[in-house]
Amino acid sequence: MKKIAILGSTGSIGTQTLEVARENGDIEIVGLAAGSNIRLLEEQIREFHPRLAAVWSKEKAKELGERIADTDIRVAAGMDGLLEVSTLADVEILVTAVVGMIGIRPTIEAICAGKDIALANKETLVTAGHIIMPLAKEKQVSILPVDSEHSAIFQSLQGNESRAVHKILLTASGGPFRGKKEEDLLDIRVEDALKHPNWSMGQKITIDSSTMVNKGLEVIEAKWLFGVDVDRVQVVVQPQSIIHSMVEYVDGAVMAQLGTPDMKLPIQYALYYPKRRDLPGERVDFWSLGKLDFEKPDMDTFYGLKLAYEAGRAGGSLPTVFNAANERAVRLFLDRQIKYLEIVEIIEDCMQAHQNIENPTLRQILDTEAATYDRINSRR
Ligand code: NAD
Ligand code: MG
């Protein structure tokens, strides 16, 4: 049995990870953590019998404890709960599927405890990649990508020397507003932005996909996972989301991973790496597909992507500002407090105001996050 724990078990990646565990039958779930959906968490607990469950909200943790009083499963709360789930004895792989940079501390603690990380939580790597990657190397743990593009790159790197990589071709669907110009985006509503053409995901990443900020976060994620400068990561719009990303080598060979859009493939690949397992589901049918399209990303309209390259190039604390401003702005948009185009305007404003800190410590990253939130709050 492979022993795993999941942060964010009630979310899109979390529930699909549990489906993979259910379908394979040889994965033991030792710990589960979620934000506040204790109804679903209770169902998961009763099906998978973890040793520990953690809930971010203290009240909900208490309520869950009462609801599962007939079991011997312990319930923890808050950041302590997340950290406990991340460091549970005998867990081999921690699946980080919480949303946002709240994942930084649990990820660092898990690495220190020797756990391999199946990483979906890109915001953590974007803001603290300079801490996490060297730490993982020191502790000899693997960071296994779950994000579909990074899994595709990882798969395309197998059997090749990383120094033979010329560049990474990171594919993007272009999101629901591909081909639109700024004037078309003035009155975008939450419902419009939540309609992704190819993937069904959590709300925050769905909004990020529509602004292409998600692709920007992924450029910086690729920089850390694969040790390349952001300028060697080229975004290619591939509207059908069949090519999940590619690697171009020094001899001009391009390796790609293709498949129908299904997050269970990258999740399962990370959990069983380097082995492949059966995975039922739709296959790519080239006859019905007919053709694949490619486009350049429109970085003038979707300039959040341009800002991400700037942040990734500068490094230091600027990627934290990029990410934190986006996290807050997306929240405000989802709460209907700001207009769609203000999301990226807020990111740009916060980045311009920031004094970059080189090589920030964890404390400085969290302070930068708080200062970014303060700036956004004070200007409203
Ligand atoms: P989601 O919103 O569907 O789920 C997030 C999960 O995290 C939920 O279980 C929620 O309860 C939990 N959570 C949130 N805040 C928490 C907290 N403070 N403490 C404990 N638990 C907390 O999000 P998602 O779409 O599954 O995305 C999760 C991560 O994976 C994100 O970083 C996203 O960018 C990345 N990702 C997602 C997909 C996808 O297909 N959904 C693809 C690639 C990468
Ligand atoms: Mg992705």
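Shown above is the structure to which this text applies.
Before going into details, it helps to say that this report is about the structure given with it. Just so we're clear, the structure is a prediction, and the values are computed from it rather than from any experiment.

## Notes on the sheet that holds strand E8 (residues 165-172)
Here 4 strands make up an open sheet; going across it, the order is E9-E8-E10-E11 and the pairing mixed. Among the strands making up the open sheet, the edge pair consists of strand E9 (233-237) and strand E11 (254-258). Each adjacent strand pair in this sheet contributes to an overall mean axis angle of 20°, direction not counted. Both E8 and strand E10 (residues 243-249) contribute to a ladder of 4 bridges, which runs antiparallel. Following the sheet pairing, Lys167 is matched in E10 by Glu248. Here helix H7 (residues 148-157) sits on the sheet in contact with E8, E10 and E11, set at roughly 40° to E10. Here helix H10 (residues 213-226) sits on the sheet and contacts E8 and E9; the angle it forms with E8, its principal contact strand, is near 150°.

## Some details on a negative patch on the surface
A contiguous patch of negative charge on the surface is contributed by Glu182, Glu183, Asp184 and Glu345. Mapped onto the secondary structure, Glu345 falls in helix H15 (residues 342-353).

## Examining the site of ligand 1
Around ligand 1 lies a shell of 23 residues, among which Thr10, Ser12, Gly35, Glu123 and Gly202 are the nearest. Between ligand 1 and the protein, one listed contact pairs an oxygen atom with a backbone N or O atom of Gly202 at 2.9 Å. For ligand 1, whose accessible area on its own is 820 Å², the fraction buried by protein is 88%. Listing elements by their share of the shell around ligand 1, those giving two or more residues are helix H1 (12-24) and helix H6 (122-138). Each residue belonging to the shell around ligand 1 can be placed in one class, and the counts come to 12 nonpolar, 8 polar and 3 charged.

Procedures and definitions
Residues numbered from 1 in each chain as written. Chains lettered and ligands numbered in written order. Predicted model: local features only at pLDDT ≥ 70, side-chain atom pairs only at ≥ 80, totals over all residues. Heavy atoms only, no water. Pairing = 2+ DSSP bridges. Helix = DSSP H or I, 4+ residues; strand = E, 2+ residues; numbered from the N terminus. Axes fitted to C-alpha atoms, helices over the stretch in contact; angles between N-to-C directions. Contact = heavy atoms within 4.5 Å. Patch = residues over 30% accessible without salt bridge, like charges linked within 9 Å, V, L, I, M, F, W, Y side chains within 5 Å. Areas by Shrake-Rupley, 256 points an atom, 1.4 Å probe, with all protein chains shown as cover. Salt bridge = Lys/Arg side-chain N within 4 Å of Asp/Glu carboxyl O. Lys, Arg positive; Asp, Glu negative; His and termini not counted. Charge placed at Lys NZ, Arg CZ, Asp CG, Glu CD. Near = heavy atom within 4 Å. Polar contact = N/O pair within 3.5 Å; in protein donor to acceptor, adjacent residues only side chain to side chain. Nonpolar A, V, L, I, M, F, W, Y, C, P; charged D, E, K, R; others polar.

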